[in-house]
Amino acid sequence: MSADDPCQLAAGLLASAERVVILTGAGISTESGIPDFRSPGGLWDRYDPSQLTYDRFCASADTRKTYWDIATQSYPVMRDAEPNAAHQAVVEIERAAKLLCLVTQNVDGLHQRAGSSDERTIEIHGSAMRAKCIDCGMEHDRATIHDRILGGDATPACDGCAGRLKPATISFGQAMPEKETAAAFSAAAQCDLMIVIGSSLVVYPAAGVPEMAVRSGAPLVIVNREPTQLDPQATVLVHGAAGESMSRIVTESGIHR
Ligand code: APR
Ligand code: ZN
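Nothing here was measured: the structure is a model prediction, and the numbers come from that model.

Of the regular secondary structure elements, the protein chain holds 10 helices and nine strands. Over its C-alpha atoms the protein chain spans a radius of gyration of 19 Å, differing by no more than 12% from the 18 Å that the globule rule assigns to 257 residues. In terms of its C-alpha atoms, the protein chain occupies a principal-axis envelope of roughly 60 × 30 × 30 Å. Buried residues in the protein chain amount to 51% of all 257 residues.

Looking now at the site of ligand 1. In the vicinity of ligand 1, 23 residues are found, and the nearest of them are Ala26, Glu31, Arg38, Ser199 and Ser200. Within the contact set of ligand 1, an oxygen atom lies 2.9 Å away from a side-chain nitrogen or oxygen of Trp44. With respect to ligand 1, the backbone of Ala242 contributes an N or O atom lying 2.8 Å from a nitrogen atom. Taken domain by domain, the shell around ligand 1 gets at least three of its residues from each of domain 1 (1-34 + 83-125 + 176-257) and domain 2 (35-80 + 127-169).

Throughout the structure, instances matching the rule amount to three aromatic pairs. What links up through ring pairs into an aromatic cluster is the set Phe37, Trp44 and Phe172. In this arrangement the basic side chain of Lys166 is found over the ring face of Phe57, its NZ or CZ atom lying 5.9 Å from the centre.

So, about the sheet that holds strand β4 (residues 126-133). With antiparallel pairing, the three strands of this open sheet are ordered in space as β5-β4-β6. The two strands at the open ends of the sheet, each matched to only one other strand, are β5 (139-141) and β6 (165-169). The mean angle between the axes of side-by-side strands here comes to 45°, regardless of whether they run parallel or antiparallel. Relative to β6, β4 runs antiparallel, the two sharing four bridges. Within β6, the residue paired with Ala131 across the bridge is Pro167. Together, β4 and β6 form the strand contacts of helix α4 (residues 61-80), whose direction differs from that of β6 by roughly 45°. The strands touched by helix α7 (residues 142-150) within the sheet are β4, β5 and β6, with β5 carrying the most contacts at an inclination of about 70°.

Quick look at the sheet that holds strand β3 (residues 121-123) now. In space, the six strands of this open sheet follow the order β3-β2-β1-β7-β8-β9, with parallel pairing throughout. Edge positions in the open sheet fall to β3 and β9 (236-238), since each of these has one partner strand only. Going from strand to strand, the sheet's axes swing by 15° on average, the running direction of each strand aside. Inspection of the sheet shows strand β7 (residues 193-197) paired to strand β8 (residues 220-223) by four bridges, in the parallel sense. Across the sheet, Ile195 pairs through a bridge with Val221, a residue of β8. Strands in contact with helix α9 (residues 208-215) are β1 (20-24), β7 and β8; relative to β7, the strand with the most contacts, it is inclined by about 155°. Running over the sheet, helix α10 (residues 242-253) touches β7, β8 and β9 and is turned about 140° from β8.

We now examine the pairing of β7. Across the five residues of β7, five count as buried, placing the element largely inside the fold. Burial of the side chains of β7 extends over both faces: Leu193, Ile195 and Ile197 are buried on one face and Met194 and Val196 on the other.

The next subject is the coordination of the zinc ion (ligand 2). Protein-derived ligands of the zinc ion (ligand 2) are Cys133 (SG), Cys136 (SG), Cys158 (SG) and Cys161 (SG), with the metal-ligand distances lying across 2.2 to 2.4 Å. Around the zinc ion (ligand 2) sit four donor atoms, and with donor-metal-donor angles ranging over 102 to 117° the site reads as tetrahedral. A relative accessible area of 42% means that Cys136 is categorised as partly exposed.

Conventions adopted
- Every chain is numbered independently, its residues counted from 1 as its sequence is written.
- Both sets of labels track the order of writing: A upward for chains, 1 upward for ligands.
- Where totals are concerned, whole chains, interfaces and linings use all residues; where local detail is concerned, this predicted model gives features only for residues with pLDDT of at least 70, and gives and counts side-chain atom pairs only at 80 or more.
- In computing side-chain values, all of the structure's heavy atoms are included and hydrogens and water are not.
- Under the scheme used here, helices are H or I runs from DSSP no shorter than 4 residues and strands are E runs no shorter than 2 residues, and both carry numbers assigned from the N terminus.
- Based on C-alpha atoms, the radius of gyration is set beside the globule rule, defined as 2.2 Å times the residue count to the power 0.38.
- We call a residue buried when its accessible area falls under 20% of the maximum for its residue type, exposed when it is over 50%, and partly exposed in between, using a 1.4 Å probe and counting protein chains only.
- Throughout, near means a residue has at least one heavy atom within 4 Å of the molecule or strand.
- A 3.5 Å cut-off defines polar contacts: any pair of N or O atoms within that distance qualifies, except that in protein one atom must be a possible hydrogen donor and the other a possible acceptor, and neighbouring residues in sequence count only when both atoms are side-chain atoms.
- Residue ranges assigned to each domain were obtained from an automatic or database domain assignment.
- Ring pairs shown here join Phe, Tyr and Trp side chains whose ring centres sit within 6.5 Å, with only the six-membered ring taken for Trp; geometry is labelled stacked below 30 degrees between planes, edge-to-face above 60, and tilted in between.
- Charge-over-ring placement is defined geometrically: NZ (Lys) or CZ (Arg) within 6 Å of the ring centre, and within 35 degrees of the ring normal.
- One requirement defines pairing of two strands: DSSP has to find at least two bridges between them.
- An axis is simply a line fitted to the C-alpha atoms; with a helix, the fit covers only the stretch in contact. Between two such axes, the angle follows the N-to-C directions and lies from 0 to 180 degrees.
- Pairs of residues are marked as contacts when any of their non-hydrogen atoms sit within 4.5 Å.
- Water is not among the atoms examined, so metal sites may look incomplete; donors are the N, O and S atoms within 2.8 Å of the metal, or within 3.2 Å for Na, K and Ca.
- Geometry assignment treats four donors as tetrahedral when all angles are between 85 and 135 degrees, treats four as square planar and six as octahedral when opposite donors are over 155 degrees apart and all others between 65 and 115, and treats everything else as irregular.

So this is what it looks like as structure tokens:
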């Protein structure tokens, strides 16, 4: 280990931090077998996100059918995936009583399955593990809806009002969850270390969370395979695999004795 090894530098920041905010993106789940969005072969290589906006979903039964087709392919991959070493490292940081809050852009539920607490986990883009009626807000069990679709019901209707069911994720053009978004920015403004893991940081307002932390004077660690537009503001850049990098950072920090 050399003194300027980024994992070691990040470990030093983690060891002295007490109020860590972590932002994760799809890159933390690729080692669990869930494709991300913007890497080669990612979701937006295969589908055009501009055809899957919230307005289109609301307006067109065809779009709802396409949307559910895609969701029905991705849901079993997420449901059957296992958390990986990077999710585990985030749990270790929480168990060391250092985590102020985990803000995830992911909808796969892997953080909670790894052991991250509901109290400190903000799913800022919602969850694919639930379904919700966009007309009355009634929540539905996603596994039940998945079986209904496999049984031939291509655009499932709400049990309560016969309205339009959608995975409980936030689509482009859909209003962000206000309480969760405000909580994420408030935590970022108070943190003493901001760690980004596996995000291209191109989608706002989520990408604004680390920017808020930097503006508030917190050091920024970015663990990502590719460069991001926030790299120039990073205190430490770890251009590597999330699982191996986060495991080394947590181990080197000595936080779980
Ligand atoms: N280790 C480290 N980095 C990785 C790994 C890995 N194993 N796998 C992928 N990455 C990096 C990629 O290089 C990329 O920069 O993770 C980043 C993932 O970026 P995106 O695919 O853009 O995912 P994300 O940043 O979460 O997207 C944000 O966009 O489409 C919307 O709602 C969707 O929440 C999503 C949002
Ligand atoms: Zn309804």
